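Here is what each chain is made of, one letter per residue.
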Amino acid sequence: MELSTEELLQNLEESGIKVTEEEAQRFRDNEVDGETELKDVVTLTLVPVPEEHIEQSLIIDRNEARGRLPAGFVLPPFPRDLQTKLDNKEACQKSSRDRDRIIRVLHEAIIEYTMYPTNTEYVQVVQALIMKYPFLKDLGGNGYHTWHQSLKRKFKAERAPLIHEDEVKRSKEKFGHKRARESTKAARSCCRSVSGVPAVIGEDASSIERHVHVLQMQYEKMNPDTSVVKDRMQLTFSWRRKEIADGMTVEDVLKKYPFLRTPSGLCDEVDRIQPSAVNLCRRWKEGFTGIVPKVVKLAHGKSPLAKMYSEAREEMLAEDLPDVDFRAALILLPHIFKEKADQFITLGQHDAPSPYPTVQLVDTDWKMAFTRKVPVLVKLDSVDLCRGAGVEDGVISAFCAYFVFNLAYPPYMKNTLTFLQRTILDITEVGEKPLPVTVTRMINLLY
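If you check an unreviewed UniProt entry, the protein appears there as Sterile alpha motif domain-containing protein 3-like from Pogonophryne albipinna.

Okay, structure coming up:
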């Protein structure tokens, strides 16, 4: 039975063959109205597929097949000694060594399926960890934020050497964020770019060991020789930067190079990392002092802390006011950016782990924090990084730690820390994006 043109088009559509309006019009113009005519206009050409294309297709299919975590992901077994601790409900999250081992086991389990987990899959894994071992839960927030961030950092660090692998490139294209595809250098999760790690010249493992021994001996002294310390820290600088870039833990870095446990040592290290930041401590003091009055003015009424500061200020002597105002401005700065200062500066010591530097004020009274140089402790990954006197030491030490340990700024403090880096200290890294609009607007208000 011969079909009309319209019937033929309808049959094609019902058969699942999509015909565009332009193609349909060609059928009508050429009066394609039956099976014989269709044979004239449809031609199939069979071309042999090269063998290497078939092999490549099979490889891609295998990669795609193992590209996602199963819905019922099961936690892998942990090393025997670690598993015993978990079975005994020991607080493994408070030990940086145990925490790193847990993250490593989770990482090895996930890469059996993909090198580029989605955010949902990260959450799926850490939720499974917390559900099985609820005593590992964070004290605040959703209970797994620090595990989530630590796992992302692990993947970031492990993927870096594989950047030229074909599978990684395909995964980045399919599962990566758009911004990461546009500029790999600018992409960050928890790790700061380390593309500028200096080459190690003139030193080897044995010479570094000798330098480290001298540094550790000096650290034990009541009055270390400053010139010797600076000389040996400079000689070991390139080696140290490579060790940190290769994943040496914070705890191990501090054991090997103990002068990084001091605010001045951290500042000196940033001076070495960023040649433009010569005498960082002095520039920090001078640069921030100029905006103190406007910071406290902008913070007025935006936080209960601003009211506490005003009350404390009324009780102080005139000669003490500059220091009081300086400390208050440091504490209140995140508030004018509407950021979560309580995750950066906290009252009292606690063991809640965080993959980012936190300033813990040993005193539990904000009024004392404004008016006195109270003892402070800076922590990173559950490790005591350094101790200092006053909010001043705490904030600058925490800031320096981001550079020393190659950390990207956390979302909850990104604008505040970017402002301190780019505006107060005038440090700009290669490949950095223009200032966020929020920071630019605040600069307009402060200057």
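From this point on, the discussion continues.
Asker: Honestly, the side chain of D381 in this entry has me stumped. Any pointers?
Answerer: Within the secondary structure, D381 is located in the loop between β3 (375–380) and β4 (383–389). A relative accessible area of 17% places D381 in the buried class. A distance of 3.4 Å separates the side chain of D381 from the side chain of R153, its partner in a polar contact. Apart from the residues lying within four places of it in its own chain, the contact partners of D381 are S96, R153, V250, S354 and P355.

Asker: How should I be thinking about the side chain of R422 in this particular structure?
Answerer: For R422, the position within the fold is in helix α22 (residues 414–424). Among the polar contacts listed, one links the side chain of R422 to the backbone oxygen of K433, at a separation of 3.3 Å. Those residues in contact with R422, other than ones at most four positions away along the chain, are I427, T428, E432, K433, P434 and L435.

Asker: Sorry, what's going on with the nonpolar core here?
Answerer: In a soluble, globular protein the nonpolar side chains are often hidden away together inside. W284, F288, I345, L361, F405, F419 and L420 are the most contacted members of the largest nonpolar core, which totals 80 residues. Among residues more than four places away in sequence, those in contact with L361 are I345, T346, L347, G348, Q349, W366, A369, V374, P375, V376 and V391. Core analysis: the second largest hydrophobic core is formed by 26 residues, F78, I103, V123 and F155 among them.

Cut-off values and rules
Per chain, the residues get numbers from 1 upward, laid out in the order the sequence is written. Residue-level local features of this predicted model are given only where pLDDT is at least 70; pairs of side-chain atoms are given and counted only at 80 or more, and the full residue set underlies all totals for whole chains, interfaces and linings. In computing side-chain properties, one takes all heavy atoms of the structure into account and sets aside hydrogens as well as water. Labels follow the DSSP assignment, with helices taken as runs of H or I lasting at least four residues and strands as runs of E lasting at least two, numbered in each case from the N terminus. The cut-offs for exposure are 20% and 50% of the maximum accessible area for each residue type, with area from a 1.4 Å probe on protein chains only; residues under the lower value are buried, those over the upper are exposed, and the others partly exposed. The term polar contact refers here to a pair of N or O atoms within 3.5 Å; inside protein, the definition further demands a hydrogen-donor-capable atom paired with an acceptor-capable atom, and it admits residues adjacent in sequence only when both atoms are side-chain atoms. Two residues qualify as a contact provided that any one of their heavy atoms is within 4.5 Å of a heavy atom in the partner residue. Think of a nonpolar core as a cluster: buried Ala, Val, Leu, Ile, Met, Phe, Trp, Tyr and Cys residues, connected wherever their side-chain atoms sit within 4.5 Å.

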